[in-house]
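Structural overview for review
Letter by letter, the chains look like this.
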Amino acid sequence: MADNLPSEFDVAVIGTGLPESIIAAACSRSGQRVLHVDLRSYYGGNWASFSFSGLLSWIKEKQEKTEVSEESEDWRKLILETEEAISLSKKDTTIQHVEDVCYISQDSAEDIEEAGALSKLPDLGGSDTNETAQQSEKGCLALDKQLGTKGCEMSPETIASNDLECTPEGEDTEVISERESSYDATSGHSTLETEKTENASTAEVSNLEPKKITYSQIVKEGRRFNIDLVSKVLYSQGLLIDLLIKSNVSRYAEFKNATRILVFREGKVEQVPCSRADVFNSKQLTMIEKRMLMKFLTFCLEYEQHPDEYQDYKDCTFSQYLKSQKLTPNLQHFILHSIAMVSESDSSTTDGLKATKKFLHCLGRYGNTPFLFPLYGQGEISQCFCRMCAVFGGTYCLRHSIQCLVVDKESGRCKAIIDHFGQRISANYFVVEDSYLSEETCTNVCYRQISRAVLITDQSVLKTQSDQQISVLTVPPVEPGQPVVCVIELCSSTMTCMKGTYLVHLTCSSTKTAKEDLEPVIQKLFILNDEKETESENGGGLEKPRVLWAVYFNMRDSAGIDRNSYDSLPPNVYICSGPDCALGNDYAVKQAETIFQEMFPKEEFCPPPPNPEDIVYDGDGTQPEDPGFSISPEPKAEPLPEESSNIENKVTEEHNE
């Protein structure tokens with residue numbers, strides 16, 4: 001119980017989002033005593049992933065406008081005369097305008113329950129657990145069980161075999177993991193046993209009429225879904241991938257390569273050629289266009305060495321610069337919306353060239369596209385760093401609210417926190433997720449908003465012979481002044497949706513409510529009702545996929561907020577923002593590293609864990625009580641599938657360097 005929590009830590013982290021989890025892992029790895037708490041009952045905050053039933057519960061919670069009950073003020077007696085309290089918020093106001101819509105009949109689903117669901121556990125009240133890695137296995141219980149390992153121990157062979165597993169492009173079999181039959185830390189339940197690997201020809205499947213999906217099926221197979229609150233992908237040469245490899249956290253996760261980049265032009269969805277081979281095999285481009293495209297992309301890779309080529313256009317938009325290069329409208333559209341993926345009206349020439357270079361630099365590391373996607377959803381990444389923190393001694397408490405920060409009046413520094421049990425816990429540094437700050441603290445802060453939609457559909461936006469495609473699509477503004485919409489479509493082999501369905505994420509900067517921003521785009525790509533689309537509406541093309549269920553919501557974007565905007569913030573209290581609108585995770589990683597270096601400037605940020613083979617034990621060779629990174633006598637892990645070995649070896653070689 002929380003009454004047993006130690007009264008002193010080096011670092012107290014409030015919130016389990018991605019930046020906070022990275023900071024907690026880095027601090028724990030450097031030998032700091034870390035307390036990591038969250039008011040919520042799940043890991044990840046706004047970076048979390050949910051099963052279908054878990055998401056429905058989350059929607060219900062956000063739609064209910066319940067007032068925070070008045071709690072006892074007894075904790076104020078713990079505040080001394082020389083101290084003052086900064087109250088923290090008990091209500092999350094970062095999510096607004098939540099609306100879910102079911103486009104198929106729900107009549108037959110009234111009495112349907114999720115298959116394999118456990119009976120509801122009794123509410124023990126108060127904190128989730130007092131989980132310390134040194135004293136018991138509870139320190140990484142949720143994450144631990146999710147990976148199907150004992151305690152916090154892993155054999156060297158297991159670690160090697162799990163290092164950033166990526167499924168090669170074109171693989172049509174679903175990836176199966178031990179976690180599929182184990183504990184889901186986000187939704188708090190045991191998942192179903194996975195189906196056998198699909199060996200049937202996907203070419204045959206794609207020729208069949210799509211099977212009609214009912215709402216009762218979605219509810220029953222709800223544990224097959226892992227639905228992210230925030231939609232992102234990982235750049236293969238991005239900061240997050242580099243951090244995962246460097247810190248060896250990659251062994252806790254698995255990834256698939258995004259198989260294609262799509263573009264929406266003239267009412268049609270088309271595939272964008274990315275690699276040199278794709279460009280010259282493309283039937284969408286003429287031979288002249290292919291040569292022009294290759295010449296321009298070659299320049300973008302070295303644009304910094306040729307400033308004279310773009311110096312006159314520095315004050316222009318990237319769109320204007322592309323026109324000046326005498327590229328065809330077709331090429332301009334491809335480069336602007338599917339390669340650089342920048343705004344047509346707001347992005348400068350330098351921003352566009354930089355984004356194009358980043359895209360090209362990431363090509364070919366793990367596949368023909370620059371992107372990777374974590375199996376089981378984006379929420380896995382936060383949990384991976386939480387596990388690393390727990391392995392090195394971090395203490396975790398979910399469903400554990402913090403009443404206030406205790407500040408010394410004389411020095412102005414924060415001395416302690418007081419939890420909802422009235423326990424006073426001291427620390428040297430405090431890391432707080434932005435959503436925990438009260439309205440009084442954020443009076444001068446001006447937030448942006450993100451519009452989000454998540455769809456469950458019956459077909460892909462672009463059907464091919466393979467039905468296991470991970471697609472990234474950028475949709476230009478429907479009307480001038482509207483934002484660009486990023487669409488990520490996930491198949492069942494990503495372990496985020498049930499077989500026969502697709503999970504589609506849409507994200508853009510908010511101008512109105514999420515539904516008002518995104519529904520016009522959805523109507524262009526999908527069918528929203530049971531009526532058959534006429535041939536004239538579709539331009540005589542293939543029938544568009546049908547939306548089975550959808551949820552819309554607005555999420556607060558607190559990225560880039562200046563520290564001075566927060567009122568009366570002590571110097572040893574650091575604020576972490578929620579998810580931003582960008583496609584990648586670079587901002588979260590930069591923020592985590594910056595905060596860590598401010599706290600511990602002489603420490604290395606997330607160094608690799610010690611190699612078990614290099615550990616020298618004292619005396620008779622027996623293992624000390626707390627080695628920091630234990631090795632269990634588990635049997636040798638099964639070798640990786642032959643098709644994944646090349647990627648695995650490449651990642652391992654880079655890590656060893």
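Preceding this paragraph is the structure being described.
Residues numbered from 1 in each chain as written. Predicted model: local features only at pLDDT ≥ 70, side-chain atom pairs only at ≥ 80, totals over all residues. Heavy atoms only, no water.

Moving on: unusual backbone geometry. Of note in the backbone geometry, M341 takes a positive phi value of approximately 55° without being a glycine. One non-glycine residue, R399, lies in positive phi territory at about 50°. Residue class for R399 comes out partly exposed when judged on its relative accessible area of 38%. (Buried < 20%, exposed > 50% of the residue type's maximum accessible area, 1.4 Å probe, protein only.)

What follows concerns the sheet that holds strand β13 (residues 260-265). With respect to topology, eight strands assemble into an open sheet ordered β5-β25-β21-β24-β23-β22-β13-β14, the strand pairing being mixed. Every other strand in the sheet has two partners, leaving β5 (95-102) and β14 (268-271) as the edge strands with one partner each. For this sheet the average axis-to-axis angle between neighbouring strands, irrespective of direction, equals 20°. By the bridge criterion, eight bridges tie strand β21 (residues 448-457) to strand β24 (residues 502-509) in an arrangement that is antiparallel. Note that in β24 the partner of A453 across the bridge is L506. Those strands touched by helix α2 (residues 52-63) are β5, β21 and β25 (547-557), and its axis lies near 130° from that of β5. (Pairing = 2+ DSSP bridges. Helix = DSSP H or I, 4+ residues; strand = E, 2+ residues; numbered from the N terminus. Axes fitted to C-alpha atoms, helices over the stretch in contact; angles between N-to-C directions. Contact = heavy atoms within 4.5 Å.)

Inspection of every chain in the model, using the stated rule, returns 17 aromatic pairs. Judged by centre distance (5.5 Å) and plane angle (65°), the ring pair of Y313 and Y321 falls under edge-to-face. Residue Y321 is classed as buried on the basis of its relative accessible area of 0%. With a centroid separation of 5.3 Å and an interplanar angle of 70°, the aromatic rings of Y429 and F600 are classed as edge-to-face. Note that Y429 is positioned in strand β20 (residues 429-433) and F600 in the loop between α15 (586-599) and α16 (645-656), a separation of 171 residues in sequence. Within the aromatic cluster, the residues linked to one another by ring pairs are F296, F299, Y313, F318 and Y321. (Phe/Tyr/Trp six-rings, centres within 6.5 Å; stacked < 30°, edge-to-face > 60°.)

Okay, the packing of helix α9 (residues 287-301) against helix α12 (residues 349-362) next. The interhelical angle for the contact between α9 and α12, taken along N-to-C directions, is 100°, at an axis separation of 8 Å. With respect to each other, α9 and α12 are oriented roughly perpendicular. On α12, the residues touching F296, L297, F299, C300 and L301 of α9 are L353, T356, K357, L360 and H361. Across the contact of α9 with α12, the residue classes break down as seven nonpolar, two polar and one charged. (Parallel < 35°, antiparallel > 145°, perpendicular 65-115°, else oblique. Nonpolar A, V, L, I, M, F, W, Y, C, P; charged D, E, K, R; others polar.)

A few words now on the pattern of salt bridges. With the rule as written, the count across this model stands at 19 salt bridges. Across the pair D92 and K62 runs a salt bridge, and its minimum N-O distance is 3.3 Å. Here the residue D92 occupies a position in the loop between β4 (83-87) and β5, and K62 occupies one in helix α2, the gap between them amounting to 30 residues. Among the residues examined, D92 registers a relative accessible area of 21% and is labelled partly exposed. Judged by relative accessible area, K62 falls into the buried class, the value being 17%. For E221, the salt bridge identified is with R224, shortest N-O distance 3.3 Å. Its relative accessible area of 22% is what places E221 among the partly exposed residues. A residue is classified by how much of its surface remains accessible, and R224, at 14% relative accessible area, is buried. Each of D38, R40, K62, D92 and E433 takes part in one network of salt bridges that share partners. (Salt bridge = Lys/Arg side-chain N within 4 Å of Asp/Glu carboxyl O.)

Turning our attention to the layout of surface pockets. Of the volumes computed, that of the second largest pocket is approximately 1600 Å³. Lining the second largest pocket are 43 residues, with M341, V342, C581, A582 and L583 sitting closest to its centre. Within the residue set of the lining of the second largest pocket, elements represented by two or more residues are α12, β24 and α15. Of the residues forming the lining of the second largest pocket, the biggest block, six residues, is contributed by α12. Grouping the amino acids of the lining of the second largest pocket by side-chain chemistry returns 18 nonpolar, 15 polar and ten charged. Here the lining of the second largest pocket spans two domains, and each of domain 1 (8-92 + 376-446 + 559-599) and domain 2 (275-362) adds at least three residues to it. (1 Å grid on protein atoms, 1.4 Å probe; cavity = no way out; pocket = protein on both sides within 12 Å on 5 of 7 lines; lining within 4 Å. Points joined across faces, edges and corners; volume = space filled by probe spheres on them. Domains from an automatic or database assignment.)

Moving on, we get to the environment of A427. With respect to the helices and strands, A427 occurs in the loop between β19 (424-426) and β20. Residue A427 is classed as buried on the basis of its relative accessible area, which comes to 8%. When sequence neighbours within four positions are dropped, the list of residues in contact with A427 reads F9, D10, V11, A12, C414 and K415.

By themselves these figures say nothing about function.
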